[in-house]
Amino acid sequence: MKDKYQKTIYACFIGYVVQAVVNNFVPLLFLTFEKTYGIPLSKITMLITLNFGVQLIVDLLSAGFVDKIGYRVSIVIAHAASALGLIGLVVLPNLLPDAYTGILLSVMIYAIGGGLIEVLISPIMESCPTDNKEKAMSLLHSFYCWGHVAVVLISTCFFKIFGIENWKILACIWAIIPVVNGMIFTKAPIAPLVEEGETGMTILDLCREKMFWILLLMMVCAGASEQAVSQWASTFAEKGLGVSKSIGDLAGPMAFAILMGSARAFYGKFGDKIDLDKFMVGSGLLCIGSYLLISLSPLPQLSLLGCAICGLSVGIMWPGSFSKASAVMRNGGTAMFALLALGGDLGCSGGPTLVGYVSSMFSEDLKKGILAAIVFPVLLIAGTVLSGKKRAVK
């Protein structure tokens, strides 16, 4: 029975690589867009906001339509949109009168794909018969980290060998991954998320449960704890150590992503021997320690080390919160996963925003901003302890 779903599990792994591509490839081209198309950086910044904004809308809307059209159709649409968006980057800027409009449309298209993947992959994986759901979920989420690392490394090597002016060729190469994986999902078996004869909880049902609000808070804090540091890691490397942009990216975000992926892979390997609640509380405490090291250390090298340790500490937070939700709200269904993804994405945008806002209040001092963000791992620890004491909701 389990062997039958092996193809589905591998396709889920690749699904998170696809999401890593659509979220992390275009930011590598921002300066190229500025030079090639004459687009000011103020407009290019809108691409990030639009990408995550569309993903948030998709998270919210998917609770209403995924169950109606089915998981298979939805996940194939997600991959098709991801591929079309990447190919649109190659075609639309030259096809339309305004290059910026073409890029904007492309980002919107692949953001639909990225948003759907965020909502769908975890429940599809959760429905597969596996020995340890928490282990499988943690391993699954590590593939986003490995995808992120691969996008940066492969793209950097490609640009070095073939020149950044040939970025359109690389965009088409990256588009092959969602095309192939979408075809795999057309045939891969997908088990029902809710047991036969039962129905998934509605948004209203979920809102009536105190447990759901605790889990939603945990997801917000997981996303915020991760991105509050991740978004500023490159700046720490460049400003603190005085290194180049490329070295800063490798020393900052790359180290963060590798250690975050390692933490998820570690739990994916040994999760059956480790209590999830204890591992999450321990990770939360390590996260607090890393925030203190970043914000209070007098040495920039120690602050950078704190950024790397933060990557290790936040690894389990997102997949662990998903796993806890699946365990304690067994009939949460599509609505639960969609709203948890929404909460996580809100945290991803809210964490860096808080850091930036507080930093600006203290003369652009990023360390003060990071110190303020310590509230997120503190709340996540509280949520983990509270959810551990509650009984499962049927």
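Chemist: A description of the overall build of the protein chain should follow, citing residues and the corresponding values.
Modeler: The secondary structure content of the protein chain amounts to 17 helices and zero strands. For a compact globule of 394 residues, the expected C-alpha radius of gyration is about 21 Å, and the protein chain comes in at 20 Å, within 12% of that figure. On the principal axes, the C-alpha backbone points of the protein chain span a range of 60 × 50 × 35 Å. Looking at the protein chain residue by residue over its 394 residues, the buried ones come to 54%. Here the analysis covers contacts within the protein chain between residues at least 6 apart in sequence; of these, 82% occur between residues at least 24 apart. Total accessible area on the protein chain is roughly 16,900 Å²; 68% of this is exposed by carbon and sulfur atoms. With 28 positive and 24 negative side-chain charges, the protein chain shows a spacing of 3 Å between the two charge centroids.

Chemist: Help me get a handle on the nonpolar core, residues and values and all.
Modeler: Counting 110 residues, the largest nonpolar core has Phe 25, Phe 33, Tyr 291, Met 329 and Leu 340 as the members making the most contacts within it. In this view, Tyr 291 contacts Ala 224, Ser 225, Ala 228, Val 229, Cys 310, Ile 370, Ala 373, Ile 374 and Pro 377; residues no more than four positions away in its chain are not counted.

Chemist: So what's going on with the packing of aromatic side chains? Residues and values would help.
Modeler: Scanning the model with the defined rule gives 12 aromatic pairs in all. Each ring, one from Phe 212 and one from Trp 213, has its centre 5.7 Å from the other, and the planes form 70°; the classification is edge-to-face. Note on Trp 213: relative accessible area 45%, which makes it partly exposed. Ring geometry for Tyr 267 versus Phe 279: centroids 5.2 Å apart, planes at 35°, classification tilted. Taken together, the positions of Tyr 267 in helix α11 (residues 245-270) and Phe 279 in helix α12 (residues 276-296) put the pair 12 residues apart, joining distant regions of the chain.

Chemist: Provide a residue-level description of a nonpolar patch on the surface, including the pertinent values.
Modeler: Where nonpolar side chains cluster on the molecular surface, the patch consists of Ile 169, Ile 173, Ile 176, Val 179, Val 180 and Met 183 and spans about 540 Å² of accessible area. Within the secondary structure layout, Met 183 lies in helix α7 (residues 167-187). Take Met 183: its relative accessible area is 55%, and that puts it in the exposed class.

Chemist: Which residues make up the packing of helix α6 (residues 133-162) against helix α14 (residues 317-328), and what values do they have?
Modeler: One can describe the packing of α6 onto α14 by two numbers: an axis separation of 9 Å at closest approach and a directional angle of 145°. Once α6 is placed against α14, the crossing between them reads as right-handed. Residues Lys 133, Glu 134, Met 137, Ser 138 and His 141 of α6 pack against Trp 318, Pro 319, Phe 322 and Ser 323 of α14.

Chemist: Please set out the pattern of salt bridges residue by residue, giving values where relevant.
Modeler: Enumeration over the complete set of coordinates arrives at five salt bridges. Measuring nitrogen to oxygen at the nearest pair gives 3.2 Å for the salt bridge that ties Arg 208 to Asp 205. Between Glu 226 and Arg 264 there is a salt bridge; the shortest N-O distance is 3.6 Å. With Glu 226 in helix α9 (residues 210-230) and Arg 264 in helix α11, the pair connects residues that are 38 residues apart, well separated along the chain. By the burial criterion, Glu 226 is buried, and Arg 264 matches it.

Chemist: How would you summarise the side chain of Ser 138 if you had to cite specific residues and measurements?
Modeler: Its place among the elements puts Ser 138 in helix α6. Among the polar contacts made by the side chain of Ser 138, one reaches the main-chain carbonyl oxygen of Arg 264 at a distance of 2.8 Å. When near neighbours in sequence (up to four residues on either side) are disregarded, Ser 138 contacts Ala 263, Arg 264, Tyr 267, Gly 268, Ile 316 and Pro 319.

Chemist: How would you explain the packing of α14 against helix α15 (residues 333-361) if you had to name every residue and give the values?
Modeler: Relative orientation of the contacting elements α14 and α15 amounts to 155°, with a least axis distance of 11 Å. When the interaxial angle is binned, α14 and α15 end up roughly antiparallel. Crossing angle aside, the handedness with which α14 passes α15 is right-handed. Taken together, the residues of α15 that come into contact with α14 (itself represented by Trp 318, Phe 322, Ala 325 and Ser 326) are Met 336, Phe 337, Leu 340, Ala 341, Gly 344, Asp 345 and Cys 348. Broken down by class, the residue content of the contact of α14 with α15 amounts to eight nonpolar, two polar and one charged.

Scoring rules and cut-offs
Along each chain, residue indices are assigned from 1 in the same order as the chain's sequence is written. Confidence filtering applies because this is a predicted model: local features only for residues at pLDDT of at least 70, side-chain atom pairs given and counted only at 80 or more, and all residues used for totals across whole chains, interfaces and linings. The basis for the side-chain values is all heavy atoms of the structure; hydrogens and waters are excluded. Helical segments are the DSSP runs of H or I of at least four residues, strand segments are the runs of E of at least two, and each set is numbered from the N terminus. Each radius of gyration reported is based on C-alpha atoms, and the globular scaling rule is 2.2 Å times the count of residues to the power 0.38. Three exposure classes are used, based on accessible area relative to the maximum for each residue type with a 1.4 Å probe and protein chains only: buried under 20%, partly exposed in between, and exposed over 50%. By definition, residues are in contact when any of their heavy atoms lie within 4.5 Å. All accessible areas in this document rest on Shrake-Rupley with a 1.4 Å probe, and a residue is counted as covered only by the protein chains that are shown. By the counting rule applied here, Lys and Arg register as positive and Asp and Glu as negative, while His and the ends of each chain are not counted. Where a charge lies is defined by one atom per residue type, namely NZ (Lys), CZ (Arg), CG (Asp) and CD (Glu). Grouping buried Ala, Val, Leu, Ile, Met, Phe, Trp, Tyr and Cys residues that are joined through side-chain atoms within 4.5 Å yields what is termed a nonpolar core. By convention, a stacked pair of Phe, Tyr or Trp rings (six-membered ring in the case of Trp) has centres within 6.5 Å and planes under 30 degrees apart, an edge-to-face pair has planes over 60 apart, and any other such pair is tilted. Patch membership needs two things, relative accessible area over 30% and no salt bridge, and members are linked within 9 Å if like-charged or within 5 Å if nonpolar (Val, Leu, Ile, Met, Phe, Trp, Tyr). Salt-bridge detection follows one rule: a side-chain nitrogen of Lys or Arg within 4 Å of a carboxyl oxygen of Asp or Glu. A fitted line through C-alpha atoms represents every axis, and for helices the fit uses only the stretch in contact; the resulting angles, taken between N-to-C directions, go from 0 to 180 degrees. Working rule for handedness: look at the near helix, and if it is turned counterclockwise from the far one by less than a right angle, call the crossing left-handed; if clockwise, right-handed. The term polar contact refers here to a pair of N or O atoms within 3.5 Å; inside protein, the definition further demands a hydrogen-donor-capable atom paired with an acceptor-capable atom, and it admits residues adjacent in sequence only when both atoms are side-chain atoms. If an angle is under 35 degrees, it is roughly parallel; if it is over 145, roughly antiparallel; if it lies from 65 to 115, roughly perpendicular; otherwise it is oblique. In this classification, Asp, Glu, Lys and Arg are treated as charged, Ala, Val, Leu, Ile, Met, Phe, Trp, Tyr, Cys and Pro as nonpolar, and every other residue, Gly included, as polar.

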